[in-house]
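# Structural overview
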Amino acid sequence: METTAQNRSHGGVQSVHTHASAETGTEMTFSVFVPDHAPGAKLPVLWYLSGLTCTHANVTEKGEYRAACAEQGIIFVAPDTSPRGDDVPDDEAYDFGKGAGFYVDATEQPWAQHYRMRSYLETELPAVIGAHFPADMDRQSITGHSMGGHGALTMALRDPARFRSVSAFAPIVAPLQCPWGDKALTRYIGADRAKWREYDAVALIEDGARVLEMLIDQGTADNFLVEQLKPELLRQACKDAGIAADIRMQEGYDHSYYFISTFMADHVAWHAERLKA
């Protein structure tokens, strides 16, 4: 692991790192904020998964999480959204290829060799974080935005024992029922829609996956709300399954980091209550 940037901020250290990933076969970049802490102390971890077109840098530079994480004593980890590099296949569209890994393990060519973001985030990067940072890997939570909200919800639903809590900002909740998901999962996973269900939060809940609760913030002025995001589908699935879902419709907010940064401290505090319980 190589440290490429390090800055003191809000009573902690914000850093950016690269490492060679065995899962993606590429160099991967991620950022970590570590609050000041007593020598030898282990801190809980909050993962943040970013959305389409983003890298680790979007939330690192615009997410406004550091003051809240310093106050709560939480490590904040922000990975990239896809593999990168000249040898990595790409697509000219913004919503597929580099920057749009959808947090899946691709099975279709030419994507299968490098686009293994699920395994990278479920296995490889947690091992790196546990080895190199003062992280208590028995206390993890996860959040994300848009495509990253999809990633956070599906990862938590598939492995509720790992994450003490899950939240999301404007998540893609039902990839089987929206154009973004249809495009990405067809090309990454193949035409058999039954194989998509493990990457769809609503389908996972319908198939029996459970978390105790979730926190969702969605802007009413989000231009992707009706066609792509469809929070009402998640609301109904959670109601049917008995999952306590606090889905808050925030009046006038859009899909941008102006929206995310406004409610980031709320999410950090919400996760802190569960990470410290």
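These notes cover the structure that comes with them. Everything numeric here is computed off the predicted structure, so don't read it as measured data. Counting starts from 1 at the beginning of each chain's written sequence and moves along it residue by residue. Only residues with pLDDT of at least 70 get local features here, since the model is predicted, and only at 80 or more are side-chain atom pairs given and counted; chain-wide, interface and lining totals rely on the full set of residues. Heavy atoms from the whole structure form the basis of all side-chain values; hydrogens and water molecules are not counted.

For the rest of this paragraph, the subject is the packing of aromatic side chains. For Phe, Tyr and Trp, rings pair up if their centres lie within 6.5 Å, where Trp contributes its six-membered ring, and each pair is then called stacked (planes under 30 degrees apart), edge-to-face (over 60) or tilted (otherwise). This structure, assessed with the given rule, holds 14 aromatic pairs. Look at Tyr65 and Phe76: their rings are 3.7 Å apart centre to centre, the planes differ by 10°, and that puts the pair in the stacked class. Of the two residues, Tyr65 is situated in the loop between helix H1 (56–62) and helix H2 (66–72) and Phe76 in strand E5 (residues 75–79); the sequence distance between them amounts to eleven residues. The class for Tyr65 is buried, based on a relative accessible area of 0%. Counting from the N terminus, the helices are DSSP H or I runs at least four residues long and the strands are E runs at least two residues long. Note on classification: 1.4 Å probe, protein chains only; a residue is buried when its accessible area is under 20% of the maximum for its type, exposed when over 50%, partly exposed between these limits.

To continue, consider the pattern of salt bridges. Here, a salt bridge means any Lys or Arg side-chain nitrogen found within 4 Å of an Asp or Glu carboxyl oxygen. Taken as a whole and judged by the stated rule, the model has 17 salt bridges. Of the charged contacts, one joins Glu122 and Arg118 as a salt bridge, the two residues approaching to 3.3 Å between their closest N and O atoms. Placement of the pair is Glu122 and Arg118 together in helix H3 (residues 117–132), with a separation of four residues, close to one helical turn. Taking relative accessible area as the criterion, Glu122 reaches 29% and is therefore assigned partly exposed.

Another point: helix H9 (residues 257–275). One fitted axis covers the seven residues ending at a residue, a second covers the seven starting there, and the bend at that residue is the angle between these axes. The sharpest bend along H9 reaches about 40° and sits at Phe263. Its side-chain oxygen placed 3.2 Å from the backbone nitrogen of Tyr258, Ser256 serves as the N-cap of H9. Think of a polar contact as two N or O atoms within 3.5 Å of one another; within protein, one of them needs to be a possible hydrogen donor and the other a possible acceptor, and neighboring residues in sequence only count if both atoms come from side chains.

Our next topic: the pairing of strand E1 (residues 2–9). Looking at chain direction, E1 and strand E2 (residues 12–20) are connected through seven bridges and run antiparallel. Residue pairing across strands places Ser9 opposite Gly12, the latter belonging to E2. Counting the residues between successive antiparallel strands, the hairpin from E1 to E2 contains two residues, one of them, His10, with a positive phi of roughly 50°. The pairing criterion for strands is at least two bridges between them, as found by DSSP.

This paragraph deals with the sheet that holds strand E6 (residues 135–144). Taken in spatial order, the nine strands line up as E1-E2-E3-E5-E4-E6-E7-E8-E9 in an open sheet, and their pairing is mixed. Two strands in the sheet have a free side with no partner beyond their single neighbour: E1 and strand E9 (244–250). This sheet shows a mean twist of 20° between the axes of neighbouring strands, independent of strand direction. Against the sheet, H9 touches strand E4 (43–49), E5, E6, strand E7 (163–169), strand E8 (213–219) and E9, its axis set at about 165° to E7. For helices, the axis comes from a line fit to the C-alpha atoms of the stretch in contact; other axes are also lines fit to C-alpha atoms, and the angle between any two N-to-C directions lies between 0 and 180 degrees. Every residue pair with non-hydrogen atoms within 4.5 Å of one another is taken to be in contact.

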